[in-house]
Amino acid sequence: MTFIGPKQFCIHMIGNAHLDPVWLWDWREGRDEAIRTCWAAVERLGETEDYVFTRSSAAVYEWIEESAPELWAAIQHYVAKGQWNIVGGWWVQPDCNIPCGESFVRQALYGKRYFQEKLGVDVGVGYNVDSFGHAGCLPQILKKAGFDYYVHCRPEPKEKYLPSPIYWWQGIDGSRVLTFRPSGYYVSGPGNLDGKIYLAFYTLTSCTTAEPQLRDIMCFYGPGDHGGGPTRENIAAIKAADANPQLPAVKFSSCERFFKTVSRQGIDFPVVADELQHHSVGCYTSLSMVKRYNRRCEMALMTAERFSALAQRMLGRKYRARELSKAWRKVLFNQFHDILPGTSIARAYEDVYAWYEQALRIAEETTSATVYALATDIDTSGAADPVVVFNPLCWPRREVVHASANESFVADLPALGWCVYDRSALPVSSAGGVGASTGHLENELVRAEFGVDGTLTSLQDKRTGVEMLSDLGNRFIVINDPSDTWGHGVDSYRDEIGVFSVAQQPQVIHESPLQATLRFHLHWDNSTATVDVTLTAISPRLDFELNLDWHQHNQLLKVAFPVNIDEPQAVYETPYAAITRHPNGHEEPGQRWIDVSGQHKGSTMGLALLNDCKYGFDVLDNEMRMTVTRSPIYAFHTPAGPDPNKHYEYIDQGQISVKYALLAHAGPWQQADLAREGWAFNNPPIVHWESSHSGKLLAQTALCTAEPANIVITVVKQAEDSNDLVLRLYETTGQATQAQLVLPAEQHCWDFILQPFEIKTFKVSSTGELKEADLLERPY
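Structural notes, computed from the coordinates. Computed from a predicted model, the values in this text were never measured in an experiment.

## Examining the sheet that holds strand E39 (residues 725-731)
- As summarised here, the arrangement of the 4 strands in space is E38-E39-E42-E43, forming an open sheet in which the pairing is antiparallel. Both edges of this open sheet fall to strand E38 (711-718) and strand E43 (770-773), since each of them pairs with a single strand only. Averaged over all neighbouring strand pairs, the angle between strand axes comes to 25°, with direction disregarded.
- Pairing of E38 with E39, which is carried by 7 bridges, proceeds in the antiparallel orientation.

Below, the structure is given as C-alpha cells:
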C-alpha cells in the first residue's frame, strides 16, 4: 500500500464575504456594506500577492460600478490579474425553488452578459451557497448557460445525505454538473481557521466514494454579512497551516481552480439524480404579497415580450429591449434568497414592492401599447361594434370572455394571436349552460355540491360518472405554527387547531347561461374570509377566489382536498419540469399546479389543483393541501424565542387574495395537459375594444404555436444582439416527443425532437432561418 503524506492533499481556501444585499437591513445599507466589504478585499489583495478573493452577484457589481468608480477600477485590475474571482454568474443568488424556470434563465442571461461586457469574464461556476434548496431543473439550465460546475451548502448534511462532498448532480432531464457542498459553512470568524481546516482535511480523507482517492477539497472562509470579509488574521492562519508539515497543502485558491484540478484526476465521482431538498420549508409560503408580485411580474413580462416581439416583426415597431430588461432585473433582484422567501425585515419590503410595481408598469404599458398597435392594423370591418380578444399563450384556447360587466361569450382564440368579435352579434354557445343554487354548481361536464361553510361535499365528473372526493374538500384548516420565519426544523404542518366555519348564509352572486358564481362567508377567531366559486358552461374546471382578512399570529392556513383514489401519486409542477414525490405529508415546493392521481375501480384518474400565486403544498396519502398563509414574526430566526416585553411585527396581517381551481381528469396526469392548464389559469385573454376599420392584418390570426400538447412555448422575444426572434419551449411530461414548431403568419414550420423535460431555444432570422441556441442565445 502506497503511503500518502499530508502534503499530497490540498485544501483550496476560498476567501469570500457572503453578503445579503437585503435581509436584516434594506438595500441602501446592503449596498453601502457591499462597497465597504469590497474595499477591504482590495486592501487584502494589495497586501498579499497570492491571495484570491471570490465574489458573486452581478447586481452588487452594478452597485459598485455606479456608486464607487475607484473601487470599480480596482476590481477590474484584480480581475485581470487573476486575484479577484467571479462566481455565480447570475444577477443575484436567488431562491432556487420559487422563481419560474424562465427566471432562472434570465438570472444567467443578464448576469453572464454583464460580467462578459464589463469585466471580460465568462463565469463558469454556478454558486448559490445560501439558497434554501435547489430545483431539479437547475443542472440543465446551468449547462445550457455555459456553467460546468456548481456550489451549494443547503440542504445541510442533516437534511440530505450526499455520498461525497463533490459529485455529479444530475437534473430531471439527465443533464449533469460537477457539484460541491462544503463541509462546515461558507463563512468563518475573523481569526484562527484551524477548526475549519481540520474539518476540511477530515472530510477529504474520509471520502471513500470517489475512486481514485480524492486529493483536493475546498474550504470557505471570511466573515460575512457586515463582517468585512477575510481578515489579516485569516490570511496569516492559512500561511501558518500551509507551513505545518502535519497538515495538507493549504492554498489560496478559487472555485474554478479547484474544479479544474479535480476534473483532471480521473475520479469517478458519484451521481446524485435528485432535487436538492429540503431546507426552511416555511419559505415556500412566508409573505403572501411578495409571492403574488413575483408570479404576476413573471407572467406579465413574458406576455409583454411576446406581443412586443411580434409587433416588431409584423409591424416594424421598436422592441422595448431596454425597458423590458430593466424590469426583468428588478424582478430578478427581488428573487434574492432572503427577499422572495419572505425572510427579510418588514421595512425592506417597501422598496421591494415599489420595484415590483415599476416592473409591472413597464410590462403592462408594453402590452397595452403593443395590443393597441396591432388592433389598429387588424381588419375589423366585418364587425359593427368590434372587440378584439388576444391570446397571450402559444396554443389555441376556448374561454368565456367578458366583453363588459354584463356581456360574456365563448371565444375560440388562435395560438398567440387574436380574433375579432362583434359585440352586436356575439356568438351563442352550444354548451348546455350552468345550473346554480346556494348549494351546487353544475354544467354538462361536472357537478359540485357545497355545504353552507363552503366545503365541497361532492365533485362528480359527469364524463366518467366518478365522485372525485373521498371526504369534504375545500376545508380551510388552521394549524398551530410556532416555527420561525423560515420554518427551520419543520418537515410538515400537522398540528390542526380548527377550521373556518360559516359566518353567514351563502349567496348566488352571478348566474347566466355561460357562468355562475356562489359566495361563501367564513370566519375563524379574529379572521374572516369570502370564497367565490365559479363554474362556466364550457369547462370542467371549478374556480375559487379566496379573499382572506387574516389576523392570526403563529398560525398557518391550508385548504384541503381528499381525492377519491387508491395508490396515490403526487406530482408537483417545478420550474421548467414536474416531479413525482412521496405522498408523505411533507411540505413541498410547487408552482402553478399539483396533481394527485391513482386508481379508482381499476381506472386511472386524478384531480389537479391550480393556483395563481402560491408555492407551498403537501400530499398525505390521497389528500392534497395548499398552504394559503402563515404568520410568524418578520425575520425571526431560531433558536431565539420571542421576548414577551417586546413588540413584534407579524407576517401576512390583513388582506390576502388567491385564486385556485380544481380540474378533474381521466387517465394519468401526463394526458391532462396540466402545464398548459396552469399557464392558462395565470394568463387570461386580453380584451380590447376597437372601432370598425380595414387593416392589413387578418381578423383572426395565429402567430406562433408548437405541438403536441406536452410542448409549451414560454418565450417569444427579440434576441439580445440582433433582430432575430428567440423562441424557448420545453417538454412538460417527461416523455420524448416528436414536436413541431409553427409560425403560421410567416408560413414557417419545423420538426424536431424534444427529450423528457428538455428545454430548447431557437433563433429565427428575418428570412425564416431557424438555428438552435443555448440559453444565452449563442448558436450551437
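## Comments concerning the pattern of salt bridges
- Applying the stated rule across the entire model yields 54 salt bridges.
- Close ionic contact of Lys 160 with Asp 274 constitutes a salt bridge, the shortest N to O distance being 2.8 Å. Of this pair, Lys 160 sits in the loop between strand E5 (149-152) and strand E6 (166-170) while Asp 274 is found in the loop between strand E10 (271-272) and helix H9 (288-315), placing the two residues 114 residues apart along the sequence.
- You can call Asp 274 partly exposed: its relative accessible area is 33%.
- For the salt bridge of Glu 777 with Lys 717, the shortest nitrogen-to-oxygen distance reads 2.7 Å. Of this pair, Glu 777 sits in the segment after E43 while Lys 717 sits in strand E38; the two residues are 60 residues apart in sequence, bridging distant segments of the chain.
- Assessed through its relative accessible area of 1%, Lys 717 is described here as buried.
- Salt bridges sharing common partners tie together Arg 494, Glu 496, Lys 558, Glu 587, Asp 618 and Arg 625.

## Side note on the packing of helix H2 (residues 58-67) against helix H4 (residues 101-119)
- Where H2 meets H4, the axes come as close as 9 Å, and the angle between the chain directions of the two elements is 40°. In terms of orientation, H2 and H4 fall into the oblique class. With respect to the hand of their crossing, H2 and H4 are arranged in left-handed fashion. Residues Ala 58, Tyr 61, Glu 62 and Glu 65 of H2 form the contact with H4, whose participating residues are Gly 111, Tyr 114, Phe 115, Lys 118 and Leu 119.
- When its residues are assigned to classes, the contact of H2 with H4 shows 5 nonpolar, 1 polar and 3 charged.

## Re the sheet that holds strand E34 (residues 654-666)
- Read from one edge to the other, the open sheet built from 9 strands follows the order E22-E23-E24-E25-E34-E31-E30-E27-E28, with strand pairing classed as antiparallel. The open sheet has two free edges, formed respectively by strand E22 (501-511) and strand E28 (577-581), since each of these has just one partner strand. Each neighbouring strand pair of the sheet contributes to a mean axis angle of 20°, computed without reference to strand direction.
- Sheet topology places strand E25 (residues 542-550) next to E34; 9 bridges connect them, and they run antiparallel. Bridging across to E34, Leu 548 finds its partner in Ile 656.

## Some points on the packing of aromatic side chains
- Across all of its chains, the model carries 35 aromatic pairs by this definition.
- When the centroid spacing of 5.9 Å and the interplanar angle of 55° are considered together, the rings of Phe 390 and Trp 418 count as tilted. On the criterion of sequence distance, the pair formed by Phe 390 in strand E11 (residues 386-390) and Trp 418 in strand E14 (residues 417-422) is long-range, its members being 28 residues apart. The burial state of Phe 390 is the same as that of Trp 418; both residues are buried.
- On the basis of an interplanar angle of 50° and a centroid distance of 4.9 Å, the ring pair of Phe 409 and Tyr 421 is categorised as tilted. Taken together, the positions of Phe 409 in strand E13 (residues 407-413) and Tyr 421 in strand E14 put the pair 12 residues apart, joining distant regions of the chain. There is no split in this pair, since Phe 409 and Tyr 421 are both buried.
- Cluster of aromatic residues (ring-pair linked, three or more members): Tyr 61, Trp 72, Trp 91, Tyr 114 and Phe 115.
- Sitting above the plane of the Tyr 572 ring, Arg 581 keeps its charged end 4.7 Å from the centroid.

## Some words on unusual backbone geometry
- At the junction of Arg 154 and Pro 155, the peptide bond is cis and its omega measures out at 5° in the coordinates.
- Cis geometry is found at the peptide bond from Glu 707 to Pro 708, where omega equals 5°.
- Positive phi outside glycine occurs at Asp 621, with the angle close to 55°.
- Among the secondary structure elements, Asp 621 is positioned in the loop between strand E32 (616-620) and strand E33 (623-630).
- Given a relative accessible area of 47%, Asp 621 falls into the partly exposed group.
- Despite not being glycine, Gln 747 has its phi angle at roughly 60°, a positive value.
- Tracing the chain through its elements places Gln 747 in the loop between strand E40 (737-743) and strand E41 (748-754).

Conventions adopted
Residues numbered from 1 in each chain as written. Predicted model: local features only at pLDDT ≥ 70, side-chain atom pairs only at ≥ 80, totals over all residues. Heavy atoms only, no water. Pairing = 2+ DSSP bridges. Helix = DSSP H or I, 4+ residues; strand = E, 2+ residues; numbered from the N terminus. Axes fitted to C-alpha atoms, helices over the stretch in contact; angles between N-to-C directions. Salt bridge = Lys/Arg side-chain N within 4 Å of Asp/Glu carboxyl O. Buried < 20%, exposed > 50% of the residue type's maximum accessible area, 1.4 Å probe, protein only. Parallel < 35°, antiparallel > 145°, perpendicular 65-115°, else oblique. Left-handed = near helix turned anticlockwise from the far one by under 90°. Contact = heavy atoms within 4.5 Å. Nonpolar A, V, L, I, M, F, W, Y, C, P; charged D, E, K, R; others polar. Phe/Tyr/Trp six-rings, centres within 6.5 Å; stacked < 30°, edge-to-face > 60°. Lys NZ or Arg CZ within 6 Å of the ring centre and 35° of its normal.

Keep in mind these numbers describe shape, not what the thing actually does.
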